[in-house]
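# Residue-level structural notes
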Amino acid sequence: MTKNRGRARTADVVNLQFLPLALADTNPATAFNPFGNGDFANNNPETLRKIWGVRDSFNTNEGKDVVAKLDGPLFGIGGGDVRMAVGAEYHRSSYHYAIYSSIKNPANDLLVDRDRRKSRTNKAVFGELYIPLFGTDNATSGLQQLTIQLAGRYEDYSDFDDTFNPKVGVLWTPVDGVKVRGSWGTSFRPPSLFDSSGAGFNIFIQ
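Let me begin by describing the structure that accompanies this report. (Residues numbered from 1 in each chain as written. Predicted model: local features only at pLDDT ≥ 70, side-chain atom pairs only at ≥ 80, totals over all residues. Heavy atoms only, no water.)

## Notes on the overall build of the protein chain
Our working definition: Numbering of helices and strands runs from the N terminus, with a helix taken as a DSSP run of H or I at least four residues long and a strand as a DSSP run of E at least two residues long. C-alpha atoms define the radius of gyration in this analysis, and the globule rule sets the expected value at 2.2 Å times the number of residues to the power 0.38. Between buried and exposed lies partly exposed: a residue is buried under 20% and exposed over 50% of the maximum accessible area for its type, with that area taken using a 1.4 Å probe on protein chains only. Computed by Shrake-Rupley with a 1.4 Å probe, the accessible areas treat only the displayed protein chains as cover when residues are assessed. This count recognises Lys and Arg as positive and Asp and Glu as negative, with His and chain-terminal groups excluded. Note that the charge is assigned to NZ on lysines, CZ on arginines, CG on aspartates and CD on glutamates.
When its secondary structure is counted, the protein chain shows four helices and seven strands. Counting from the amino terminus, the protein chain carries its helices and strands in the arrangement β-α-α-β-β-β-β-β-β-α-α. Relative to its length of 206 residues, the protein chain is extended, with a C-alpha radius of gyration of 31 Å against a globular reference of 17 Å. Considering only C-alpha atoms, the protein chain reaches an extent of 95 × 35 × 25 Å along its principal axes. A burial count over the protein chain gives 28% of its 206 residues as buried. For the protein chain, the exposed surface amounts to about 13000 Å²; the carbon and sulfur share of it is 56%. Between the centroid of the 23 positive side chains of the protein chain and the centroid of its 22 negative side chains there is a distance of 3 Å.

Here's what the structure looks like:
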């Protein structure tokens, strides 16, 4: 089980709710005067405090994994032992993102601005087969080594459909010192919980 937490604070963010009120204030003692020497020293400190707010963001990532795997030789052929590996995985992850902001209310109080939660469970089974057709014991001209690898992985996601991804690999050594490799396969990677929760969008679009 893993758990990671993060926190960030952005200060001196303009309170877009209070600023128009301060600009429209007819009381010289509390109104906001945007003109001056650049440091706004000619303004009421309490008015400035309400204009400049803060934004706190918190995120928590949590993951739980269970993996079981078996592998070993099955039987021998000309190039060596045929080996197989099979296994299963269970993974659960959760993500929580929250923003506390003081820039969306005239009183400049720190209130919940965004709260996004997302969780995902995925289960998988996989297998791999290693087949050494030619090797040290039966090497011949043009076939010093020839092995084939067959693999497949099936996954079922709680928030997506299921998927199956095969893979085929070949290793060929025609002469000593020369190796030719080739592989073909498919893969699937779902969006992260951060992306699919909409948290990323809410960071920049306020």
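## Thoughts on the nonpolar core
Note the cut-off: We define the nonpolar core as a collection of buried residues of types Ala, Val, Leu, Ile, Met, Phe, Trp, Tyr and Cys that are connected through side-chain atoms lying within 4.5 Å of one another. The contact rule is simple, with two residues in contact once any of their heavy atoms fall within 4.5 Å.
With five residues, the main nonpolar core is built from F18, A22, F32, L48 and I51. In this view, A22 contacts A31, F32, T47 and I51; residues no more than four positions away in its chain are not counted.

## As for the side chain of N43
Counted only if it meets this: In protein, a polar contact requires one atom able to donate a hydrogen and another able to accept it; more generally it is a pair of N or O atoms within 3.5 Å, and residues adjacent in sequence count only if both atoms are side-chain atoms.
Along the polypeptide, N43 turns up in the loop between helix 1 (18-24) and helix 2 (45-51). Engagement of the side chain of N43 in a polar contact is seen with the side chain of N42, the distance being 3.3 Å. The residues contacting N43, other than those within four sequence positions of it, are A31, F32, N33 and L48.

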